[in-house]
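Fold and contact review
As a plain string of letters, each chain reads:
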Amino acid sequence: MVRYGFQHGCDLTRNEAGSLEMTLRKGLALGSGLHLFVIALKLIGADGGGLLLPGTGLWEYYPAAMSKPFASLCSVAMHSVACFAAFTPSSEK
């Protein structure tokens, strides 16, 4: 889908491609932001306990994430960078 969007953007004039780029940026920001929000809710323990709320839901429902914390932190870092990049304005005017 993204490849089609970029190909379509290359075929358009610069003014029309700018609006397509903004649409893709908003989609990336929305997807990454929602993913970070869901991860935060999981860590807080909204679904049965976690780091802040009592319970063991985090370790029961997400044992893979708790057994490999480096991979989980890499995922959070990647989505944070994607969200930051989506909100950073383009330098081309």
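The structure presented is a predicted model; accordingly, all values stated were derived computationally and were not measured. (Residues numbered from 1 in each chain as written. Predicted model: local features only at pLDDT ≥ 70, side-chain atom pairs only at ≥ 80, totals over all residues. Heavy atoms only, no water.)

1. A closer look at the overall build of the protein
Helix and strand counts for the protein stand at five helices and zero strands. When the helices and strands of the protein are listed from N to C terminus, the series reads α-α-α-α-α. Split into buried and exposed, the 93 residues of the protein put 18% on the buried side. Restricting to contacts in the protein with at least 6 residues of sequence separation, those with at least 24 account for 40%. (Helix = DSSP H or I, 4+ residues; strand = E, 2+ residues; numbered from the N terminus. Buried < 20%, exposed > 50% of the residue type's maximum accessible area, 1.4 Å probe, protein only. Contact = heavy atoms within 4.5 Å.)

2. Regarding a nonpolar patch on the surface
Taken together, the side chains of Leu 43, Ile 44, Leu 51, Leu 52, Leu 53 and Trp 59 make up a nonpolar region of the molecular surface, amounting to roughly 580 Å² of accessible area. Mapped onto the secondary structure, Leu 43 falls in helix H2 (residues 14-44). (Patch = residues over 30% accessible without salt bridge, like charges linked within 9 Å, V, L, I, M, F, W, Y side chains within 5 Å. Areas by Shrake-Rupley, 256 points an atom, 1.4 Å probe, with all protein chains shown as cover. Salt bridge = Lys/Arg side-chain N within 4 Å of Asp/Glu carboxyl O.)

3. A word on the packing of aromatic side chains
Under the definition given, this model contains one aromatic pair. Between Tyr 61 and Tyr 62, the aromatic rings sit 6.5 Å apart at their centres with planes inclined by 75°, giving edge-to-face as the arrangement. (Phe/Tyr/Trp six-rings, centres within 6.5 Å; stacked < 30°, edge-to-face > 60°.)

4. A word on the side chain of Ser 32
On the secondary structure map, Ser 32 appears in helix H2. Exposure remark for Ser 32: the relative accessible area of 4% places this residue in the buried category.

5. Focus: helix H5 (residues 69-87)
Taking 1.5 Å of rise per residue, 19 residues should cover 27 Å, and H5 covers 27 Å from first to last C-alpha, within 8% of that figure. Those residues of H5 lying buried are His 79, Ala 82, Cys 83 and Ala 86. On an axial view of H5, the arc spanned by its buried residues comes to 100°, and they lie on one face. Opposite the buried face of H5, by more than 90 degrees, sit the exposed residues Phe 70, Leu 73, Val 81 and Phe 84. (Expected span 1.5 Å × (residues − 1). Arc of directions from axis to C-beta.)

6. A short note on the confidence of the model for the protein
Confidence along the protein averages 80 in pLDDT terms, with 76% of residues attaining 70 or more. Mean pLDDT per element in the protein: helix H1 (residues 2-11) is the minimum at 58, and H5 is the maximum at 88. (pLDDT = per-residue confidence, 0-100.)

7. Considerations on the environment of Leu 36
Structurally, Leu 36 is set in helix H2. By relative accessible area, which is 22% here, Leu 36 ends up partly exposed. Sequence separation of Leu 36 and Ser 80 is 44 residues, and the distance between their C-alpha atoms is 7.4 Å. Sequence-distant contacts of Leu 36, that is, excluding residues within four places in its chain, are made with Val 76, His 79, Ser 80 and Cys 83.

8. Focus: the environment of Ala 46
Summarising the element assignment, Ala 46 is placed in the loop between H2 and helix H3 (57-61). Using a relative accessible area of 55% as the deciding quantity, one classes Ala 46 as exposed. Between the C-alpha atom of Ala 46 and that of Leu 58, which follows or precedes it by 12 residues, the distance is 9.2 Å. Ala 46 has contacts with Leu 41 and Leu 53, leaving out every residue within four places of it along the chain.

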